[in-house]
Amino acid sequence: MTGDPKTSGVAAWYQKVPSRKLPTPDKRARMEGLWIKCDGCEEIVFKGDVEKALSCCPKCDHHFPMGVRQRLSLVLDEGTFVEMDRGLESTDPLNFTDSKKYKDRLKASARTSGEHEAFLSGTGKIGGRDVSIGAFHFGFLGGSMGAVVGEKVTRVFERATELRVPAIVFSASGGARMQEAIFSLMQMAKSSAALARFRAVKQPYISVLLDPTTGGVAASFSFLGDVILAEPKALIGFAGPRVIEQTLRQKLPEGFQRSEFLLEHGMVDAIVPRKELRAKLAQLVELLG
Amino acid sequence: MRTFALDFEKPLLELEEKLAQLRRSAAHHAHDGDGEHAALETELHRFERRCSKLQQEIFANLSRWQVVQLSRHPSRPYTLDYVDRLFTDWFELHGDRSFADDHALVGGFCRFDGQPVLVLGQQKGRSAKENHTKRRNFGMPRPEGYRKALRLMKLAERFNRPVICFIDTPGAYPGIDAEERGQAEAIAVCLETMAGLRVPCVSVVIGEGGSGGALAIGVANRILMLQYSWYSVISPEACAAILYRDASKGQKAAEALKVTARDAFEFGVVDELVDEAPGGAHRDPALTAENVRAALRRQLAALSHLTPEQLVEDRYQKFRKLGPIIDAGAPLAT
């Protein structure tokens, strides 16, 4: 193949160098055009049908990842979302570099995800009631929590405290962000402390766990919900399954750390399919708020 | 008798062995002729100076990875060693009242300078046997450990006793049973509860400060770290396994993560560094413990002037400001 830059040694200017990184779920869906293979039932399904079904498989109801803005518009009353704290940026306090500079990773992630950071937050209404709300964007560095995400989560609780309204957080995160090391760790304490203060206003905090919620995010505000909901079959836990497998050197049982497993073990209040989420949240806000 | 030596300790230990031989021989020849004895004495002094110079040289320029190695030295004092040296009237309390007693996290009431306090800490086993049969589990607590800590913190608050925590864990235990019983929830509840405690809280990282499993007893008014301890979001090896896909590159990850006590102090996360004995805490646990005692005294005295409300506020502000960010302006409507 003469046109192959790898064999010819000359990259034609019009050729895109393929990314060696695994495609993110969003990207994979985009790249494969009109049809996608469902991770749940392995059927080939029409993308348009999946989108119509809130990014769920029309055949088996498998929940695909959902964009963060789409997520908020799914649960909030139409046109009520007001984004806050959009201007926060990481300072890269450790000047961190592995195979790439952390600063470059942030820029690349912002480009591919269209979001500034791994967390989107603001205010809105659910069933006509004001709420302080935020959601993780897993497509941005695995939804990891550094100082900016920690600050934004903290402000979700502080705003809820100030406005005396319910707080709602959707988690989808691999955990604390390695590139900000101890600062990321401290975000767990900071956000949990803000939550401790919020309790005094006697408004509910509803935590919704999406696929996946693990590590330092799970081990702080995600598991501190007055009510904890989970989407079906989401991976939820402290240690990731690979870490556990490596530690114990044994295969993990089927369904381990999935929403249904957590419900069975008393760790979440309810599993709520995406199409029911809006109604269930409105109901909880009414019952407790 | 020391049975384990880190690579960079070895030249020093060899020199010290020679010094010990020389001392024995000096003692043996103590009644020999004056000239011979004086020569031996001179040699002895020369050796002592060499030893202390070598120690200074080695420890003046430790790499971050060497600090991590020191923090895990098998002879390093653990939580209960400090309990023995610093407190009186120790009464250990067991169990989380719902599932089990976790021996990887110990807690009890005791006296510090005569004042009743609560002490909590992760406890490593001194040997493989202790880690297994005594269930110390290398200082990696399970949910029941954190729930015991939680129970005791609430007791301390009710009885108005300061809380002193010794942090020494590679991390919370990543196991099937721990997940089943809600490891994440157990840690999370500790964080929130500790943030709101109406009594003075001081945490000291005495060895390893591994991630959320360490932080669970680290939401304190003051955080102290021993000189050769580390504290970060992930252990260097686990970080290397993810970033470089090679757990043996812990050395590289330790540098990238800036894990040491010195780093944490420079980042403003830690309030005070506590000097260890020359050559590390394991070389003189008594001296190291005295340094910890002095630091605890100082910090507890400073906190004793605060009301319960001020203590909670002080702790809130301490953590509220952690995490450098650029705030490019006012809230933005979309």
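Being a predicted model, the structure only gives us computed values, none of them experimental.

### Some points on the overall build of chain A
Here's step 1: Secondary structure assignment for chain A yields 11 helices and 10 strands.
Here's step 2: Of all 289 residues assigned to chain A, the portion counted as buried reaches 53%.
Here's step 3: Nonlocal contacts in chain A, meaning residues at least 24 apart in sequence, comprise 66% of its contacts between residues at least 6 apart.
Here's step 4: When the accessible surface of chain A is totalled, it reaches about 13300 Å², and 53% of it is carbon and sulfur.

### Focus: the environment of B:Gly108
All names here are of chain B.
Here's step 1: Along the chain, Gly-108 turns up in strand S2 (residues 105-112).
Here's step 2: Since its relative accessible area comes to 0%, Gly-108 is described here as buried.
Here's step 3: For the pair Gly-108 and Leu-120, spaced 12 residues apart in sequence, the C-alpha to C-alpha distance is 6.7 Å.
Here's step 4: Sequence-distant contacts of Gly-108, that is, excluding residues within four places in its chain, are made with Trp-90, Phe-91, Glu-92, Leu-93, Val-117, Leu-118, Val-119 and Leu-152.

### Examining the interface of chain A and chain B
Here's step 1: At the junction of the two partners, chain A supplies 62 residues and chain B supplies 51 residues.
Here's step 2: Surface buried jointly by chain A and chain B totals about 5000 Å² across both partners, of which 70% is contributed by carbon and sulfur atoms.
Here's step 3: Linking chain A with chain B are five salt bridges, by the criterion used here.
Here's step 4: On the surface where chain A and chain B come into contact, there are 14 residue pairs in polar contact (both at pLDDT 80 or more).
Here's step 5: Looking at the side of chain A that touches chain B, the elements with two or more residues in it are strand S3 (82-84), strand S4 (88-90), helix H6 (147-163), helix H7 (181-198) and helix H9 (241-248) of chain A.

### What to know about the packing of aromatic side chains
Here's step 1: In the structure shown here, the tally under the stated rule is 12 aromatic pairs over all chains.
Here's step 2: Ring centres of A:Phe136 and A:Phe221 lie 6.1 Å apart, and the angle between their planes is 10°; this geometry places the pair in the stacked category. One end of the pair, A:Phe136, is in strand S6 (residues 129-136); the other, A:Phe221, is in the loop between helix H8 (215-218) and strand S9 (227-230), with 85 residues separating them in the sequence. Across this residue pair, the class does not change: A:Phe136 and A:Phe221 are buried.
Here's step 3: Ring geometry for B:Phe87 and B:Phe112: centres 5.6 Å apart, planes at 50°, overall tilted. Highlighted residues: B:Phe87 in the loop between helix H4 (79-86) and strand S1 (88-92) and B:Phe112 in strand S2, separated in sequence by 25 residues. Accessibility classification places B:Phe87 together with B:Phe112 in one group, the buried group.
Here's step 4: Connected via pairs of aromatic rings, a cluster forms that spans A:Phe119, A:Phe136, A:Phe157, A:Tyr205 and A:Phe221.

### Remarks on unusual backbone geometry
Here's step 1: In this structure, A:Pro212 follows A:Asp211 across a cis peptide bond, with omega equal to -10°.
Here's step 2: A positive phi angle is found at B:Arg135, which is not glycine, with a value near 55°.
Here's step 3: Structurally, B:Arg135 is set in the loop between helix H5 (128-132) and helix H6 (143-158).
Here's step 4: Residue classification places B:Arg135 among the partly exposed residues on the basis of a relative accessible area of 49%.
Here's step 5: For B:Lys258, which is not glycine, the phi torsion reads 50° and is therefore positive.
Here's step 6: By secondary structure assignment, the location of B:Lys258 is in the loop between helix H11 (250-257) and helix H12 (261-266).
Here's step 7: Take B:Lys258: its relative accessible area is 24%, and that puts it in the partly exposed class.

Reading the values: rules and limits
Residues numbered from 1 in each chain as written. Chains lettered and ligands numbered in written order. Predicted model: local features only at pLDDT ≥ 70, side-chain atom pairs only at ≥ 80, totals over all residues. Heavy atoms only, no water. Helix = DSSP H or I, 4+ residues; strand = E, 2+ residues; numbered from the N terminus. Buried < 20%, exposed > 50% of the residue type's maximum accessible area, 1.4 Å probe, protein only. Contact = heavy atoms within 4.5 Å. Areas by Shrake-Rupley, 256 points an atom, 1.4 Å probe, with all protein chains shown as cover. Buried area = accessible area lost by both parts, 1.4 Å probe. Salt bridge = Lys/Arg side-chain N within 4 Å of Asp/Glu carboxyl O. Polar contact = N/O pair within 3.5 Å; in protein donor to acceptor, adjacent residues only side chain to side chain. Phe/Tyr/Trp six-rings, centres within 6.5 Å; stacked < 30°, edge-to-face > 60°.

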